[in-house]
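Overview (structure and organization)
Here is what each chain is made of, one letter per residue.
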Amino acid sequence: SGAGAMAFMNNQSNSVIAVGNANAKARRVTLDADNTLEKREFSEDGYSLRSGSAAIGNVNILVNRADINNSTTIGFADGANITASGSFDAPSAIEIHASTDVTAYNRSLAESVSGFGLSVLVTETDVSTTNVVNIGAATLDAGIGDMKIFTDHESLIVSDSNLMMVSAVTGVANATSNSRH
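Below you will find a few notes about this structure.

Rules and cut-offs
- Residues numbered from 1 in each chain as written.
- Predicted model: local features only at pLDDT ≥ 70, side-chain atom pairs only at ≥ 80, totals over all residues.
- Heavy atoms only, no water.
- Helix = DSSP H or I, 4+ residues; strand = E, 2+ residues; numbered from the N terminus.
- Buried < 20%, exposed > 50% of the residue type's maximum accessible area, 1.4 Å probe, protein only.
- Contact = heavy atoms within 4.5 Å.
- Pairing = 2+ DSSP bridges.
- Axes fitted to C-alpha atoms, helices over the stretch in contact; angles between N-to-C directions.
- Core = buried A, V, L, I, M, F, W, Y, C linked by side-chain atoms within 4.5 Å.
- Salt bridge = Lys/Arg side-chain N within 4 Å of Asp/Glu carboxyl O.
- Polar contact = N/O pair within 3.5 Å; in protein donor to acceptor, adjacent residues only side chain to side chain.

The next thing to look at is the environment of S53. With respect to the helices, strands and loops of the structure, S53 is situated in strand β4 (residues 49-76). In this structure S53 comes out as buried when scored by relative accessible area, which is 14%. For S53, the contacting residues outside a window of four places in its chain are G2, A3, N58, N60, E111, S112 and V113.

Right, here's the structure in full:
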């Protein structure tokens, strides 16, 4: 007898702000594009995938994989003119911020009891994040004030494989856990 389970998650998320051939004036100009993904466990005990089996002859195979691709882009068309005008008493400001925030918990548990047994558990999490601010041939003028243009990435990635195998005569067990960013 045996048990097998597979869980595959493939996420692609793109956040885009496109500023056309605009001519805009203000005291304060703020463009903020955030792309957030949170993958938590599915069960109360904290596992995304869980399986158990018991038999005289037993095969237990679990595969848990998450592919996460997040990107954030802020782009200005050639010829766009963004002006922040202020004074010494009321300074102007331009702030452009592109960010991604990924939190991924990918945990697996396999339990097996047998006379003769084989258990394999693989948990993998791949995360790719990209942030871009493309000004091109646009004109940005903060006048009397600050101009801040920045991107940031924040990621917390946890891949965890827990394998418990009890075998009376002979058994083979292999657990692998990989996280890549």
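Here we come to the environment of P91. By secondary structure assignment, the location of P91 is in the loop between β5 (81-84) and β6 (92-134). You can call P91 partly exposed: its relative accessible area is 42%. In the structure, P91 is positioned 54 residues away from L37 in sequence and 35 Å away in space, judged by C-alpha atoms. Ignoring anything within four residues of it in the chain, the contact list for P91 reads R27, G86, I144 and G145.

Bridging between strand β2 (residues 23-26) and β5 involves four bridges; their strand directions are parallel. Of the residues in β5, the one forming a bridge with A24 is I82. Relative to strand β7 (residues 139-141), β5 is paired through three bridges, and the arrangement is parallel. Residue pairing in the sheet places N81 in a bridge with T139 of β7.

Spatially, β2-β5-β7 is the arrangement adopted by the three strands of the open sheet, whose pairing is parallel. Each edge of the open sheet carries a strand with a single partner, namely β2 and β7. Neighbour to neighbour, the strand axes of the sheet diverge by 5 degrees on average, direction disregarded.

Bringing the nonpolar core into the picture now. Judged by nonpolar contacts, the single largest core of 15 residues is most densely connected at I74, F76, I82, I94, I96 and L140. Only β3 (28-39), β4, β5 and β6 provide two or more residues apiece to this core. Aside from chain neighbours lying at most four places away, what touches I94 is V29, I82, A84, L140, D141, A142, D146, M147 and K148.

Taken as a whole and judged by the stated rule, the model has five salt bridges. For D126, the salt bridge goes to R65, with nearest N and O atoms at 2.7 Å. One end of the pair, D126, is in strand β6; the other, R65, is in strand β4, and 61 residues separate them in sequence. Using a relative accessible area of 18% as the deciding quantity, one classes D126 as buried. Among the charged side chains, a salt-bridge network with shared partners connects R65, D67, E124 and D126.

What follows deals with the environment of V113. In this structure, V113 sits in strand β6. Sequence-wise, V113 and A142 are 29 residues apart; in three dimensions their C-alpha atoms are separated by 68 Å.

Its place among the elements puts N64 in strand β4. Here N106 takes part through its side chain, which lies 3.1 Å from a polar atom of the side chain of N64. Beyond its immediate stretch of four places on either side in the chain, N64 contacts A7, S48, L49, N106, R107, S108, V122, T123 and E124.

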